[in-house]
Amino acid sequence: MHETGLSEAIVAAAVRRAAGRRVTGLRVRIGGHPVDPAVVTQGIRVAAAGTVAADTAVDLVLEPMTVRCHECGRDGPITDHLAMVACPQCGGVDIDVTGDDDVVLESITVDAAALGAV
């Protein structure tokens, strides 16, 4: 349920930044461990229900970590959790994993009509 907590934290941050204004869009950059974008988007919609972020448009930017295998030379994105411990091509465990595991709420869009009300 990693995506559930992630979704709730994203909505909480957006609601704080909105300061009572209706949120019409979110842009979120997610790096690191593989996540299911459909699950995160649905989680955001569920967490946003009943808040100023209800029915917001969600733009997810996924930046997966990469794995480089010293045994076979494979160098590519991590597509599942197993690839973080063994090469998905040869099964070797002499690997380097690189990339950020940050989650950044890059921007929120608020209802323009609400801007004058603040």
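All values derive from a computational prediction rather than experimental measurement.

Brief notes about the sheet that holds strand E6 (residues 103–110)
Two orientations exist for strands paired in a sheet by backbone hydrogen bonds: parallel and antiparallel. The strand order across the open sheet built from three strands is E2-E1-E6, with neighbouring strands paired in mixed fashion. At either end of the open sheet lies a strand with only one pairing partner, and these are strand E2 (57–64) and E6. Ignoring strand direction, the axes of neighbouring strands in this sheet form an average angle of 10°. Note that strand E1 (residues 23–32) and E2 share eight bridges and pair parallel. Across the sheet, the residue bridging to Ile 30 is Leu 62, located in E2. Against the sheet, helix H1 (residues 2–18) makes contact with E1 and E6, and its axis sits at roughly 45° relative to E6, the strand it touches most.

Section: the sheet that holds strand E4 (residues 75–77)
Here three strands make up an open sheet; going across it, the order is E4-E3-E5 and the pairing antiparallel. Looking along the sheet, the strands with just one partner apiece sit at the ends: E4 and strand E5 (95–98). Within the sheet, the average angular offset between the axes of one strand and its neighbour, ignoring direction, is 20°. Sheet topology note: the strand E3 (residues 66–69)/E5 ladder contains four bridges and is antiparallel. Of the residues in E5, the one forming a bridge with Arg 68 is Asp 96.

Notes on helix H2 (residues 37–48)
Given 3.6 residues to a turn, an α-helix orients residues that are three or four positions apart in the same direction. For H2, built from twelve residues, the straight-helix expectation of 16 Å at 1.5 Å per residue is met to within 8% by its first-to-last C-alpha distance of 16 Å. Listed in full, the buried residues belonging to H2 are Val 40, Thr 41, Gly 43, Ile 44 and Ala 48. Taken around the axis of H2, the buried residues stretch over an arc of 160°, which confines them to a single face. Opposite the packed face of H2, turned more than 90 degrees from it, sit the exposed residues Ala 38 and Val 46.

A word on the nonpolar core
Grouped together as the largest cluster of nonpolar side chains are 19 residues, with contacts concentrated most on Leu 26, Val 28, Ile 30, Val 40, Ile 44 and Leu 60. Those elements giving two or more residues to this core turn out to be H1, E1, H2, E2 and E6. The element contributing the most residues to this core is H1, with six residues. Setting aside its immediate chain neighbours within four residues, Val 40 contacts Glu 3, Leu 6, Ser 7, Ile 30, Val 35 and Leu 60. Grouped together as the second largest cluster of nonpolar side chains are seven residues, Met 65, Val 67, Ile 78 and Cys 87 included.

Focus on the environment of Pro 88
Within the fold, Pro 88 resides in the loop between E4 and E5. The spacing of Pro 88 and Val 67 is 21 residues in sequence and 9.1 Å in space, taken between C-alpha atoms. Setting aside residues up to four positions removed in sequence, Pro 88 forms contacts with Val 67, Arg 74 and Ala 83.

Overview of the pairing of E3
Alternating positions in E3 separate cleanly, Val 67 and Cys 69 being buried on one face and Thr 66 and Arg 68 remaining unburied on the opposite face. As paired strands, E3 and E4 are joined by three bridges and run antiparallel to one another. Pairing of Val 67 across the sheet is with Gly 76, part of E4. Counting the residues between successive antiparallel strands, the hairpin from E3 to E4 contains five residues, one of them, Gly 73, with a positive phi of roughly 90°.

Definitions and cut-offs
- Residues numbered from 1 in each chain as written.
- Predicted model: local features only at pLDDT ≥ 70, side-chain atom pairs only at ≥ 80, totals over all residues.
- Heavy atoms only, no water.
- Pairing = 2+ DSSP bridges.
- Helix = DSSP H or I, 4+ residues; strand = E, 2+ residues; numbered from the N terminus.
- Axes fitted to C-alpha atoms, helices over the stretch in contact; angles between N-to-C directions.
- Contact = heavy atoms within 4.5 Å.
- Expected span 1.5 Å × (residues − 1).
- Buried < 20%, exposed > 50% of the residue type's maximum accessible area, 1.4 Å probe, protein only.
- Arc of directions from axis to C-beta.
- Core = buried A, V, L, I, M, F, W, Y, C linked by side-chain atoms within 4.5 Å.

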